[in-house]
Amino acid sequence: MPNRKMDIPIEGMTCAACSNRIEKVLNKMPGVEANVNLALERASVTITNEQISSRDITKKIEDLGYGVKAEQLDLDIYGMTCSACSVRIEKVLNKMEGIQSATVNLAAEMAAVELEQGVVSASDVIGKIQALGYDAKVKTTKSDKDDIKSKEYKKQKKKFILSAFFSLPLLYTMLGHLPDKLAFPVPAILMNSWLQFLLAAPVQFYFGGQFYKGAYKSLKNKSANMDVLVALGTSAAFFYSILEGIRSWIHPGYEPHLYFETSAVLITLILLGKLFETRAKGKTTEALSQLVSLQAKNASVLSGEKEQQIPVEEVKAGDIIVVRPGEKIPVDGELIFGETAIDESMITGESIPVEKRPGQQVIGATINKHGMIRVRATKVGKDTALAGIIKIVEAAQGSKAPIQRIADKISGIFVPIVVGIAIITFLIWFLIADPGNVAKALESAITVLVIACPCALGLATPTSIMVGSGKGAETGILFKGGEYLEMAHKVNAVILDKTGTITVGKPSVTDIDLDGEEALSYLVSVENASEHPLADAVVRYGQERGVEMKQVTDFQAISGHGVKAVIDGHHVLIGTRKLMSANLVLYQEIVIKTEELESQGKTVMFIAVDGRLSGIVAVADTVKNHAKEAVTRLKEEGIEVLMLTGDNERTAKAIAHQVGIDQVFAEVLPENKAEKVKELKAAGKVVAMVGDGINDAPALALSDVGIAIGTGTDVAIEAADVTILGGDLQLIPKAFRLSHAVMRNIHQNFFWALAYNAAGIPIAAAGLLAPWVAGAAMAFSSVSVVTNSLRLKRVKL
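Calculation rules
Residues numbered from 1 in each chain as written. Predicted model: local features only at pLDDT ≥ 70, side-chain atom pairs only at ≥ 80, totals over all residues. Heavy atoms only, no water. Helix = DSSP H or I, 4+ residues; strand = E, 2+ residues; numbered from the N terminus. Buried < 20%, exposed > 50% of the residue type's maximum accessible area, 1.4 Å probe, protein only. Contact = heavy atoms within 4.5 Å. Areas by Shrake-Rupley, 256 points an atom, 1.4 Å probe, with all protein chains shown as cover. Axes fitted to C-alpha atoms, helices over the stretch in contact; angles between N-to-C directions. Parallel < 35°, antiparallel > 145°, perpendicular 65-115°, else oblique. Nonpolar A, V, L, I, M, F, W, Y, C, P; charged D, E, K, R; others polar. Pairing = 2+ DSSP bridges. Salt bridge = Lys/Arg side-chain N within 4 Å of Asp/Glu carboxyl O. Arc of directions from axis to C-beta. Phe/Tyr/Trp six-rings, centres within 6.5 Å; stacked < 30°, edge-to-face > 60°. Lys NZ or Arg CZ within 6 Å of the ring centre and 35° of its normal. UniProt positions renumbered as here; feature names shortened; annotations may be inferred.

Points about the overall build of the protein
A tally of helices and strands in the protein yields 28 helices and 30 strands. Sorting the 797 residues of the protein into buried and exposed places 50% on the buried side. Partitioning the intrachain contacts of the protein with sequence separation of at least 6 by distance along the chain shows that 67% fall at a separation of at least 24. In the structure as shown, the protein presents an accessible area of about 36,700 Å², 56% of it carried by carbon and sulfur atoms.

Here we look at the packing of helix α14 (residues 438-451) against helix α27 (residues 731-765)
Between α14 and α27, the least distance of the axes is 8 Å, while the angle of their chain directions is 170°. The angle between α14 and α27 falls in the class roughly antiparallel. Where α14 abuts α27, its residues S444, T447, V448 and I451 lie against Y756, N757, G760, I761, A764 and A765. Classifying every residue of the contact of α14 with α27 by side-chain character gives six nonpolar, four polar and no charged.

Overview of the pairing of strand β26 (residues 640-644)
Taken across its five residues, β26 has four buried, putting it largely inside the fold. Where strand β19 (residues 493-497) meets β26, five bridges bridge the pair, whose relative direction is parallel. Within β26, the residue paired with A493 across the bridge is E640. In terms of strand pairing, β26 meets strand β27 (residues 663-665) through three bridges, oriented parallel. Across the sheet, residue L642 finds its bridge partner in β27, namely Q663.

Remarks on the pattern of salt bridges
By the definition in use, this model includes 18 salt bridges. One salt bridge connects R612 with D515, and the closest N-O pair in it is separated by 3.8 Å. Residue R612 is found in strand β25 (residues 612-620), and its partner D515 is found in the loop between β20 (508-514) and α18 (516-528); the two are separated by 97 residues along the sequence. Judged by relative accessible area, which is 44%, D515 ranks as partly exposed. In this structure, E637 engages R737 in a salt bridge whose closest nitrogen and oxygen atoms are separated by 2.5 Å. Within this pair, whereas E637 is found in the loop between α22 (627-636) and β26, its partner R737 is found in helix α27, the two being separated by 100 residues in sequence.

A word on helix α21 (residues 591-599)
Listed in full, the buried residues belonging to α21 are V591, T594, L597 and E598. Projected down its long axis, α21 shows its buried positions confined to an angular sector of 125°, all on one face. Its buried side turned inward, α21 meets β20, α20 (577-582), β24 (603-609), β25 and α23 (649-659). Note on α21: the residue one or two positions beyond its end, G601, has a positive phi of about 85°.

Quick notes on the packing of aromatic side chains
Scanning the entire structure with this criterion turns up 13 aromatic pairs. Taken together, a centroid distance of 5.4 Å and an interplanar angle of 70° make the contact between F238 and F260 edge-to-face. In this pair, F238 sits in helix α8 (residues 226-250) while F260 sits in helix α9 (residues 260-283), placing the two residues 22 residues apart along the sequence. Of the two residues examined, F238 and F260, each falls in the buried class. Members of the aromatic cluster, connected to one another through ring pairs, are F197, F205, Y212, F238, F239 and F260. Note that R374 overlies the ring of F337, its terminal NZ or CZ placed 5.6 Å from the centroid. The ring of W429 has K440 sitting right over it, with the charged end atom 5.3 Å from the ring centre.

Looking at the UniProt feature "transmembrane region" (unreviewed entry) in the protein
If you check UniProt for "transmembrane region" (unreviewed entry), the listed places come out as residues 160-178, 184-207, 228-246, 258-276, 410-432, 444-461 and 749-766 in our numbering. For residues 228-246, the end-to-end C-alpha separation is 27 Å, with 100% helix and 0% strand making up the annotated structure. Taken end to end, residues 749-766 has its terminal C-alpha atoms 26 Å apart, with 94% of it in helix and 0% in strand.

Notes on helix α4 (residues 122-131)
Turning to α4, its buried residues number three or more, namely V125, I126 and I129. Each buried residue of α4 lies within a common arc of 95° when the element is viewed along its axis, so the set occupies one face. In the segment just after α4, G133 is the residue with positive phi, at about 100°.

Written as structure tokens, this is what we have:
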């Protein structure tokens, strides 16, 4: 065996002592020569000992407390026909050295593989899949895959048409076998065994050749799939008919029992079913195609003073892009010139265009509605918001829900059981039910083989997950995987963070009562000099109303009380009642109104000019539109709703009262938010945590289903299992409804797939079903499952 070389990236080394330790330990292994580079964080290893595997090396590194970097490899897989195929590939890949996990999705025709870099390569994985009799390529772009699928569909369509051309005359001969009153006259030439052989042979071996290839590869790898059942059933009918034909040739006058039409029509019907299935499966990824189509194709980039049209893929961070009214913004960036309104509905779901000024961020794929603007590119290619959304949807569609494991286990043992039932059926008919009647025994056995194909079972879950996650993406709900789409339907308690989730997260002026425009001008001018978050709300309020800014002198911030300054010789005080009392300003006449505002969770500031009260202004973090409706809908679904916040109890309860939340956890420190989630889980609740900030990340990660608000921080979004785009809380109950709809759809698919097999096998074994009818039923069972999954597109949330 030749020497094996490995180049392993290592995580966790901090100094030369780390690299020396790893190198020393590896070199002590017999037949191993290692060199560890701290700067490159890599180990170059040569193995001469056949007894030492790649996994032994990586395990030794991990045992020392370091990590071997994993790489995500996404593959498109071609040639799978049923869940037995996907289960087989998945099983073999998970046994490969250097692969941490592998998931194969039949409906999406793809595999997601976590592999250890330097231990196993993409070509090794592809080679293993090809050895199993399938083909694989590193995931191509959506359009490339669509082209391949389109060509495959056209090829299958041509194959079906030609197969039907040869099979129709044979199908017509079946009409001659009907009871006398219903029988059709069939030309004698069509009943000739040699003509029937010539018509059936191309269908059996050319158009049906794919089933023989699939069966051979499956059996070669010690497994059995749908192809095995089809090949066994049709071959039995075909070769028995040849024997009968030879017998009639040897013994003139013998009337042969021919089943050429059975094998040919079966193959043709299965090809038709596969054709419909391919077409229907294409529709399950329409949502993803629509997301991809949102991307701009080109960008107008400034080069000096000239504009240059370039493909969006060539845009680099820092490029200045010109966007005219009606055009799509090509990439994420910062507005540096011009003011406009931008339609962000395709990303956030918000139908009202958002006003944008220089310095604000814009999102790629959104539409510039008004003036010409210039944007500095900040995130390009796979780093844009849209690319991130597409990646999440692809991952969700390619992932497996836990419920799929049940179908995989059933499919894995189903085919051998069916073959056994078919053999028993043949023996019972031949030896007991109709002794010596080979034709009847064979027909019943073939029917059992054909009707029992578990194709529909394998498609039951992945098609629903694909359509469901696509529907979610269209609505503004991003599930990161099938497991979260499944878990969401079990949630019975939702914790909502307050700031940025229930509320806008940006304080604004809610009430104002001042003595004229002059007082407002003083208020806004002084607050413009302050850095306090509440001051921003007042300044924004003034800017929106075109308030005149005055020159401020002697500005002073008084910690915990407010600010004071001088404008045009007038002394201005803004702050709490304590500040007013300390400066002998009388404010008692307005105390009742102040307390009323404070009871609503608002922060009240007093303003005094030259020692006389000029009025009050109330600032609050306002509740989001539709927050109350969202909470009401959650309660209607039987879900317990709680609020969690670091704010004081009075403010928290005021906000909770506005939206209809009864249980409030106030003054909770960021590090204690996760503890509250633990407490609820310990009480037997299935908990969903909804948050938007960095301090929510631990609680989001610990909850059964973490839901991040898309307007929040990247850390929160990364820690969550579901992302709500745009911050509309009504999407939260919609996410749970979608989960319920998907799980209901999966259970329907399982029921029909299993009920069909459970009912069909006994009927077929009893000889009450013709093989071609079984073939038609089997072919269309898969189509019915995919079609049922497509109904999710129309579900109302």
